[in-house]
Amino acid sequence: MKEALYLFSLVVTGLLVARRPWLLLRPSLWVAAVMLVCIGGAAAFAGPELELHYRQGETLRLLTLFFPLAVVVWTAFSPALGDEAARLYGRCRSAGVGAPAFGPDERRLLLIAAAAGMAVVALYLRAVPLMSTGLVTIFTNPMEAALAREESFKLLASPLVRYAYIWHLDLLAPVTAVLLTLWRPRPWLRPVQAALVIAVVLSVMLTGARYPAALLLMVLGLSYLLRRGLKRGAVMVGGVLAVGIVVVTVLSISREGKLELFSLDLMRYYLEEGVLQRFFVVPFQTGIWTNIYVQEQGLLGFANIRPLAVLFGEPQVALGNQVGLE
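These lines cover the structure that appears in this document, whether it is placed above or below. Keep in mind the model is a prediction, meaning the values are calculated, not measured.

## Comments concerning the overall build of the protein
Logical step 1: Helices and strands together make up the secondary structure of the protein, namely 15 helices and 0 strands.
Logical step 2: Expected size for 326 residues packed as a compact globule is a radius of gyration near 20 Å; at 22 Å, the protein falls within 12% of this value.
Logical step 3: For the protein, the spread of C-alpha atoms along the three principal axes comes to 60 × 50 × 50 Å.
Logical step 4: Looking at the protein as a whole, 39% of its 326 residues qualify as buried.
Logical step 5: Taking the contacts inside the protein whose residues are at least 6 apart along the sequence as the reference set, 68% of them involve residues at least 24 apart.
Logical step 6: Counting only carbon and sulfur atoms, one obtains 69% of the accessible surface of the protein, whose full area is about 18,600 Å².

## Considerations on the side chain of T137
Logical step 1: Here T137 shows up in helix α6 (residues 134-140).
Logical step 2: You can call T137 buried: its relative accessible area is 7%.
Logical step 3: If we skip the residues at most four places from it in the chain, T137 touches M131, S132, P142, E144, A145 and A148.

## Side note on the pattern of salt bridges
Logical step 1: Within this structure, the stated rule accounts for 4 salt bridges.
Logical step 2: Between E84 and R87 there is a salt bridge whose closest N-O contact spans 2.6 Å. One end of the pair, E84, and the other, R87, are both in helix α4 (residues 79-97), 3 residues apart, so they sit about a helical turn from each other.
Logical step 3: Taking the relative accessible area as the measure of exposure, E84 reaches 37% and is therefore partly exposed.
Logical step 4: Classification of R87 as partly exposed rests on a relative accessible area of 43%.

## Remarks on a nonpolar patch on the surface
Logical step 1: Among the surface-exposed residues, F302, I305, L311 and F312 lie close enough to one another that they form a single nonpolar patch of about 410 Å² accessible area.
Logical step 2: Positionally, F302 belongs in the loop between α13 (282-297) and α14 (306-311).
Logical step 3: In this structure F302 comes out as partly exposed when scored by relative accessible area, which is 37%.

## A closer look at the environment of V281
Logical step 1: With respect to the helices and strands, V281 occurs in the loop between α12 (264-280) and α13.
Logical step 2: Overall, V281 belongs to the buried group, its relative accessible area being 17%.
Logical step 3: Sequence-distant contacts of V281, defined by excluding residues within four places in its chain, comprise A42, L50 and L276.

## Some details on the side chain of T176
Logical step 1: Assignment of secondary structure puts T176 in helix α8 (residues 159-182).
Logical step 2: Overall, T176 belongs to the buried group, its relative accessible area being 7%.
Logical step 3: When residues no more than four places from it in sequence are discounted, the contact partners of T176 are L110, A113, A114 and V200.

## Notes on helix α5 (residues 104-127)
Logical step 1: The end-to-end C-alpha distance of α5 is 35 Å, a good match for the 34 Å that 24 residues give at a rise of 1.5 Å each.
Logical step 2: Buried within α5 we find L110, A113, G117, V120, V121 and Y124.
Logical step 3: Of the surrounding secondary structure, the elements contacted by the buried residues of α5 are α8 and α9 (190-203).

## Regarding helix α10 (residues 211-228)
Logical step 1: With 18 residues, α10 ought to run about 26 Å at 1.5 Å a step, and its terminal C-alpha atoms sit 26 Å apart, in line with that.
Logical step 2: With 13 of its 18 residues buried, α10 lies for the most part within the structure.

## Regarding the nonpolar core
Logical step 1: Ranked by internal contacts, the top residues of the largest apolar core, which has 36 residues, are L29 and M205.
Logical step 2: Breaking this core down by element, the ones donating at least two residues are α1 (2-19), α2 (27-45), α3 (57-76), α6, α8, α9, α10 and α11 (230-255).
Logical step 3: With 7 residues, the single largest contributor to this core is α10.
Logical step 4: Every residue in contact with M205, bar those within four places of it in the chain, is listed here: L135, Y165, A213, V247 and L251.

Cut-off values and rules
Residues numbered from 1 in each chain as written. Predicted model: local features only at pLDDT ≥ 70, side-chain atom pairs only at ≥ 80, totals over all residues. Heavy atoms only, no water. Helix = DSSP H or I, 4+ residues; strand = E, 2+ residues; numbered from the N terminus. Rg over C-alpha atoms; globule rule 2.2 N^0.38 Å. Buried < 20%, exposed > 50% of the residue type's maximum accessible area, 1.4 Å probe, protein only. Contact = heavy atoms within 4.5 Å. Areas by Shrake-Rupley, 256 points an atom, 1.4 Å probe, with all protein chains shown as cover. Salt bridge = Lys/Arg side-chain N within 4 Å of Asp/Glu carboxyl O. Patch = residues over 30% accessible without salt bridge, like charges linked within 9 Å, V, L, I, M, F, W, Y side chains within 5 Å. Expected span 1.5 Å × (residues − 1). Core = buried A, V, L, I, M, F, W, Y, C linked by side-chain atoms within 4.5 Å.

Now the structure itself:
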C-alpha cells in the first residue's frame, strides 16, 4: 500500500505540473514536492531497520505519504492563489520569449542585492578568516574539515554574523545569481558575468557545507524553466541537478582526504553510500529519531524555537543537536 500511495502521489504531482506549470510558483507545491522526494521515498521503500524502537513506525510512514498528497490536492483546488501564480508565470514566460528581462528595475535590484551580499560576506570573513573557513580546510586539511565547518558556522560567537550569512544563503545569493544570468552584457563582458556567477556560488560554500551550492544551482535551473517553459526547462533542471550532485560528491571525497585517489569507482561509491543516502534516507530517519526523542523526553514547547524561547524566558534547546546526542 505504501509503495502504491507514493507512486500515485508522484504521478498526480507530475501531471498537475505538466498541465499547470504556473503552480511551480506556489510554495505549497514545493512543500509537497520536497517531502515526496526527500522523505517519501524512504517512508515508502526503506526497511523496518530505520524505525529502531519507534512504536508507531507504520503510522508515521502513512502520515508522511498522505500529507504531501493532501497539500497537492489543496494546491490544485485553490483557484484564487492559482490565478495569481498563473499571472506571475505569464510574466516570466514573456520575459523569456522576447520582452526585456533585465531593465532598470532589475539592474537596481541587482546592485542592491550584490552590495548587501558583499557586505555580509565581508562581515563573515572578518569573523572567520578565509584560510579557516570550512571550504578552504576541505582542501588544505581534510581531517579537520568537519570541525572547521562547525566552527565557521554553528559555533560562531556572533549570532549577528551567523544570521546575516543565513540571510545571504537564502535570499541575497539566489537573487544576485538569478539577476546575473538575466543580464545580457556585451560579448567582451561575458567572462566577467561568468566569473561573478561563480563567485556567488563560492560565497555560499564558505562554511564547507555541501548542499548550499547545489541548491543555488537548482535555483538557477528553475529560473531558466520559468522563463523558457517546462520542456526546455526540465532539461536544464536535470543538468544542474547532475552538476550539483557531482559538486557535492567531490566535496565529500575531498573532505575525507581521498581526492588524490579520485576515480569513477570512488565517485560512484560516495554517491551511492553517502550523497544519495543523505539526501533520500537520512531526512526520514531523522524524523523517526526526533519522534523517539519526544516519546522519551516529552515535548519541548518553545524551548527549541530560539526567538520564542528568548521571548518567553525559556532555556533554549538545540533540538537537532540533542537528537543527535541521544
